[in-house]
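# Observations on the model geometry
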Amino acid sequence: MDRRIAEWRERLVAVRGRSQQVWSGDPVRLPVLTIYYLAIIVALIILYGGATYTPPPFIYQGF
């Protein structure tokens, strides 16, 4: 059982090292981050873009 855990740990370390190596390159990181930030902007536009702003009534309208 310990041997299997050690093998999985070695695989995880290898995958982590490879993913860090791939992520460190600009050709990968730039498009991924651009898509990520655009998705956030699109989500905010969908959530709040259609709402109409109605200001609160003026405090002295009753006078």
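Residues numbered from 1 in each chain as written. Predicted model: local features only at pLDDT ≥ 70, side-chain atom pairs only at ≥ 80, totals over all residues. Heavy atoms only, no water.

## Things to note about the packing of aromatic side chains
- Enumeration over the complete set of coordinates arrives at 1 aromatic pair.
- The ring of W8 is capped by R11, whose NZ or CZ atom sits 5.3 Å from the centre of that ring. (Phe/Tyr/Trp six-rings, centres within 6.5 Å; stacked < 30°, edge-to-face > 60°. Lys NZ or Arg CZ within 6 Å of the ring centre and 35° of its normal.)

## Side note on helix α1 (residues 2-23)
- Relative to the 32 Å expected for 22 residues at 1.5 Å per residue, α1 spans 31 Å between its end C-alpha atoms, a close match to the ideal helical length.
- The buried fraction of α1 amounts to 0 of the 22 residues, a small share that puts the element mostly on the outside. (Helix = DSSP H or I, 4+ residues; strand = E, 2+ residues; numbered from the N terminus. Expected span 1.5 Å × (residues − 1). Buried < 20%, exposed > 50% of the residue type's maximum accessible area, 1.4 Å probe, protein only.)

## Quick notes on the pattern of salt bridges
- All told, the structure shown has 2 salt bridges when counted by the stated rule.
- Where R3 meets E7, a salt bridge forms, and the shortest distance between an N and an O atom there is 3.6 Å. Placement of both R3 and E7 in helix α1 is noted, with a separation of 4 residues, approximately one turn of the helix. (Salt bridge = Lys/Arg side-chain N within 4 Å of Asp/Glu carboxyl O.)

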